[in-house]
Structures are given as structure tokens and as C-alpha cells.
Amino acid sequence: MFKFCSLFSGSTGNSLFVETENSKILVDAGESAKKIVSALSLIGIEVTDIDAILVTHEHIDHVKSLGTLSKKYNIPVYANENTWNAMPEQQAKVLEEKENYGRSNIGNGKKINIEFVSANPTGILHLGNARGGAYGDSLARIMRFCGFDVTTEYYINDLGSQITNLGLSIIARYKEICGLPFEMPENGYYGKEIIAIAQKLYDEHKDTYLDKELDYFKKLGTEEMVGHIFDDLKEYRIEFDVKSSEKALSEKYNLMDVVDILRKNGYTYEADGATWFKCSALFDEKDHVLIKEDGNATYFLPDIAYHMDKYNRGFDKMIDIFGADHHGYVARLKSSVKALGNDPEKLEIKLLQLVRLVENGEVVKMSKRTGKSVTLKELIDEVGVNAARYYFSKYSLDTQMDFDLGLAKSKSNENPVFYVSYAYARICSILNSQQFDKKCEKYIAINDDTSYNVLEKVYEFPEVVKTAATKELPHLITNYVYELAGLFHMYYAKKRVLTEDEEETLENLNLIKCVKQTLFNALNLIGVIPPEQM
């Protein structure tokens, strides 16, 4: 199957001619091009019969000598053993597949539901929502790219005491604007968005709506706040496939029917006038109330019904993304799934850790109740969507993070968003200045480690995406993008892309076009749109 022929041997190593069923390869270990041509002719091999030259790493200095040979006889030279798997010819695959480069079907149509953000419609989205949103949307993009059938979902909590307090808060602010005595409810909402809703109501109707029932203000507040939330998310490049409503769910399912199923399965009991869920018999350490003594359901019961509905919709896997403050909720929710007769392994609950906003070395405090929180919208206005999406996708979800405002806005290489964007924009600038419509038929000029390092990283992309999808780790894409940009910057510093040699220039342009396409595809998976000019 293999035929080996030693051309030279000595202190500098060996030069071998290797013939396989498909290829004739010269493995050089430190001899000059002229000597190699002579030695080959002695064993009856013409240089033109060679398919490729592979230079061992310890003799990389001979690449330039062999580069002359490769150009004269149109033979590609590979700079080291590793680059054999990064052959320049593979660039054609990147350029042909374009926006589909890196796409796969490892998900095989598996139905995945990802629920994220799902903030109560009682205030504007904050930094925790921003982080959860970036993670959920990026994960959905990555998994879709790998052939999973993904449904993204937002659950609107539009029932319960928080909506009652929302309505009462709007009434109080409306009275204030009308010049009447007012009193904020005990658990009212003080955000400026509540005042804005009341002001809009006054501007349109003056004081004629003072006699409206509480339900009117609850509905008005919910609709206004939900509208604000989804407007901000759209600007943040997040749109949901499904928007579920707690109110609609209560009309679809009778909550007492859910309790009856739990009771039938032996997971409820009565105590102190309340109906309890026996979580301790499953995954939780203690039991929890489903129906309070006054006959009203706790907030936990609608959540049980909501997840029952998810299972009824036939997903193979459901991913919930909650804040760190929901840590105690995980065992409780998984217990309810099991108690209803469903497979708890199909439900995965991820907890996102805290975000600290830092400016000038100081932590910017957040307080949603007092209206002084830093909102998603304010962050976008301050640093831009690209920076927000990139930074929130930069870290594993289970690690605390500091969001440095100054760094995110800086135009320096210390800012990874700037660093990556500049690589992309620089490539665009080069390509836009050239007539680039000629296709490379053979790659013979690319023969250096710097170029091959870039190509190897480009060719890693499909496997990185698969790993990010299967392990549900979007930050692997962000890390990859930064590494690829770094290798390109190194390449640009060491190599002349545009040379006097037309063939070499064409090959270089093909290489950087591959980098551009890969950067674009990777950044798109984390919701970042790179600029073509900077």
C-alpha cells in the first residue's frame, strides 16, 4: 500500500519519497530543492509527478527553498505535519458553503424548547435579563445551526398579585398627575415607566378615566409593559417563536384538575387548611403549598400547569433559564414533573449567575423597585447591541461576571469586541479594494506556518459549533471568534496580502475571505453583526 524511498540520510535527518495508492509525497527533512530534484531523478521520479511536499517541523527553515520548487513545478508545500489536515484546497468548501459553513445535522430534528427571559411585565428589563437573553438566543441559534428543531419561548406572568400591584401603581400615579391625593400600594412599582403609562393616559383622556375599574388598569399596564419588553428585546436581536400567557393558560387548564392528578398519584395532602404538594417524596427537601387556606392558588401551581403544557406539546427536551435566585425552585419544579407522570430528565434548568456593572472601577448599583436600575435599553444605548451581546456571551452562564462599561466602549485591542470587529472590517477593506472574482484552481503559494495556523483555526469551526450545541455552551463560539481574530491580526502583521505575484495575491485573498466568512458565521451565532467599516 505504501512505498518508501530514502533520498538522503545523515545528521540533518532523512528526506523520503512516499508513494501511496493515491498520492506521491515528498517528506523533506532539510535538503535543498536542487539536491532533491537530482535525487528524485536518480530513482526515476520526475518532480512533476510529486503531488505535494511536506516539510517536517524541525526543518521549517527550508520552506522558502522548497517554495521556489513548488512555484516552478506547481506543487503545494505543507509547512508541518499538522497542516496536512489544513490543506489550502479545503478553502473551496468554506467559500462554496458561505453562510452555511459550519452547519450540520447532528441534532437530527430533535425538538427542543428553550424558555428564557420571561420577566414579569412590571418593569423594564435589567442586566440579568440581558444575560439570560443573550445566552438563550445564542443557544437557540447554535442548536438550529446543528439541525435541532428549536422553539424559543417567553412566558408572560400576566396574572396574580404582581399584576394587581401594577394596576394599583398606575392608578396612584394617574391620580397624582390629576392633582389628587394618592397612595402607592404596599408592594407597588416605582419605576419611571409606570409614571409614563399614567402620563400617557392623562394626555389622551385627562381625568375622565378615574372611575375605571382596577381590571382596566391591570390590562393597560400589562399590555404597555409587555410592549416595552418585546421592543427592547427586538432591538437586542431577540424574537420569540412562542409567547405563552399565564392568563391564557388558566383558561386552557383548570388548575384544580392539575391538583387532582397530583392527588391521584399520591403527591398531595391537607394540612392547616391548605393543600400541600409532597415534594419531599421526590427531589425536594420540603413540601410546598399549592392551594392556600383562603382557597387561592400559589404561584407555584400555574407553573406546574405551564410545564405540563410543555410536555403535552411533545418536546424531546425543555431548557429553562432562570436567575440565580431561583435555585430553590429547581428541585420543586422537577418534582412536579415527576409527580404528573412525566420524565424529569427531559427538563433542564439552568441558573444564570449575577452580573455587576462596573464603571471607572466602581460597581453601578441596581435596584428595580426604586426605579434606579440600569436597564437593557440603557445598556444598549451606552455600548451598542454588538458589545452587549458579545460580552454576555463571553462567559459561562454559571460564573459571575463584571460588565466593564469603559472597556466595552473603548477603541483599543484590550476591548475584545473592538479587536474582533477590527479584524472583520480590515478584511472587508482589503477585499472591497480588489477585483475578486477569479477562482483558485491550485494552491501553491501558501507555504508558511502563519497562514496555516489561520487555516487550521478556520477548519476547526464546524467542530466547535457542534461542541457548543451538544454541551449547550455558547461561550465556546465567543472564545473561538476571539482566537480566530487574533490569528488573523498576527497573519496581517507578518504577511503581505497584496503582492506583485498575482497567484500569491489570489491565494491570500481567498484565505482572508475564508476568515471573513467564518467570522461572520460565528458572530451571527451569538447575535453580533460585524461592521464592514471602522
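Small disclaimer: the values here were computed from a predicted structure and weren't measured.

Looking only at helices and strands, the protein chain has 18 helices and 16 strands in total. For the protein chain, the residues scored as buried account for 52% of the 534 residues in total. Sequence-distant contacts, at least 24 apart, represent 73% of the contacts inside the protein chain between residues at least 6 apart. Of the roughly 25,200 Å² that the protein chain leaves accessible, carbon and sulfur atoms contribute 48%.

Residues Ile114, Leu233, Tyr236, Phe392, Phe403, Ile477 and Ile512 are the most contacted members of the largest nonpolar core, which totals 93 residues. Residues Leu249, Cys279, Tyr311 and Met318 belong to the second largest nonpolar core, which totals 29 residues.

Moving on, we get to unusual backbone geometry. Within the chain, Asn108 stands out as a residue other than glycine whose phi angle is a positive 50°. Here Asn108 shows up in the loop between α3 (91-97) and β6 (111-115). By relative accessible area, which is 62% here, Asn108 ends up exposed.

All told, the structure shown has 23 aromatic pairs when counted by the stated rule. Plain terms: the ring middles of Phe277 and Phe300 are 6.1 Å apart, the flat faces sit at 45° to each other, and that makes the pair tilted. Taken together, the residues Phe277 in strand β10 (residues 274-277) and Phe300 in helix α10 (residues 300-312) connect sequence positions 23 residues apart. Taken as a pair, Phe277 and Phe300 share a single burial class, namely buried. Three or more aromatic residues joined by ring pairs make a cluster, and in this case those are Phe277, Tyr299, Phe300, Phe322 and Tyr329. A cation sits over an aromatic face here: Lys243 above Phe230, 4.1 Å from the ring centre. For Arg389, the ring lying beneath its charged end belongs to Tyr236, and the centroid distance is 5.4 Å.

Along the chain, His307 falls in helix α10. A polar side-chain atom of His307 sits 3.0 Å from the main-chain carbonyl oxygen of Asp303. Ignoring any residue separated from it by four or fewer positions in sequence, one finds His307 in contact with Glu115, Asp320, Leu333 and Leu347.

With four of five residues buried, β6 is to be regarded as a mostly interior element. Summarising the sheet, β6 and strand β7 (residues 149-156) pair through five bridges and their orientation is parallel. When the bridges of β7 are listed, Lys111 appears paired with Asp149. Taken together, β6, helix α4 (residues 127-145) and β7 constitute a β-α-β crossover, and its handedness is right-handed. Where β6 lies against strand β12 (residues 317-323), four bridges are found, and the strand directions are parallel. Among the inter-strand pairings, Ile112 is bridged to a residue of β12, identified as Lys317.

Pairing geometry for strand β9 (residues 268-271) and β10, over four bridges, is antiparallel. Bridge pairing in β10 places Glu270 opposite Thr275.

Moving on, we get to the environment of Gly273. Position of Gly273 relative to the elements: it lies in the loop between β9 and β10. Taking C-alpha positions, Gly273 is 8.3 Å from Asp294, a pair spaced 21 residues apart along the chain. Dropping the residues within four chain positions of it, Gly273 is found in contact with Lys292 and Glu293.

Right, let's get into the pattern of salt bridges. For side chains bearing opposite charge, pairing can occur when the charged atoms are close. Applying the stated criterion across every chain, the model contains 28 salt bridges. For Lys200, the salt bridge goes to Glu224, with nearest N and O atoms at 3.1 Å. Taken together, the positions of Lys200 in helix α6 (residues 192-205) and Glu224 in helix α7 (residues 214-235) put the pair 24 residues apart, joining distant regions of the chain. Given a relative accessible area of 40%, Lys200 falls into the partly exposed group. Residues Arg356 and Asp402 are paired through a salt bridge, measuring 2.8 Å at the closest nitrogen-oxygen approach. Here Asp402 lies in strand β16 (residues 401-404) and Arg356 lies in strand β14 (residues 355-359), a separation of 46 residues in the sequence. The partly exposed category is assigned to Arg356, whose relative accessible area is 40%. Counted as one network, the salt bridges with shared partners bring together Glu153, Lys252, Asp309 and Arg313.

So, about the environment of Ile170. In this fold, Ile170 is placed in helix α5 (residues 161-177). By relative accessible area, Ile170 is classed as buried at 0%. Taking C-alpha positions, Ile170 is 5.8 Å from Ala198, a pair spaced 28 residues apart along the chain. The contact partners of Ile170, leaving out residues within four places of it in the chain, are Ile194, Ile197, Ala198, Phe217 and Gly221.

If you trace the three strands from one edge of the open sheet to the other, you get β15-β14-β16, paired in mixed fashion. What marks the edges here is a single partner per strand, and that holds for β15 (362-364) and β16. If you compare each strand with its neighbour and ignore which way they point, the axes differ by 45° on average. Of the strand pairs in this sheet, β14 and β15 are connected by three bridges, and their pairing is antiparallel. Residue pairing in the sheet places Glu359 in a bridge with Glu362 of β15. Sitting on the sheet, helix α13 (residues 385-392) is in contact with β14 and β16, with an inclination near 160° to β16.

The rules we used
Residues numbered from 1 in each chain as written. Predicted model: local features only at pLDDT ≥ 70, side-chain atom pairs only at ≥ 80, totals over all residues. Heavy atoms only, no water. Helix = DSSP H or I, 4+ residues; strand = E, 2+ residues; numbered from the N terminus. Buried < 20%, exposed > 50% of the residue type's maximum accessible area, 1.4 Å probe, protein only. Contact = heavy atoms within 4.5 Å. Areas by Shrake-Rupley, 256 points an atom, 1.4 Å probe, with all protein chains shown as cover. Core = buried A, V, L, I, M, F, W, Y, C linked by side-chain atoms within 4.5 Å. Phe/Tyr/Trp six-rings, centres within 6.5 Å; stacked < 30°, edge-to-face > 60°. Lys NZ or Arg CZ within 6 Å of the ring centre and 35° of its normal. Polar contact = N/O pair within 3.5 Å; in protein donor to acceptor, adjacent residues only side chain to side chain. Pairing = 2+ DSSP bridges. Right-handed = clockwise from strand over helix to strand, strands pointing away. Salt bridge = Lys/Arg side-chain N within 4 Å of Asp/Glu carboxyl O. Axes fitted to C-alpha atoms, helices over the stretch in contact; angles between N-to-C directions.

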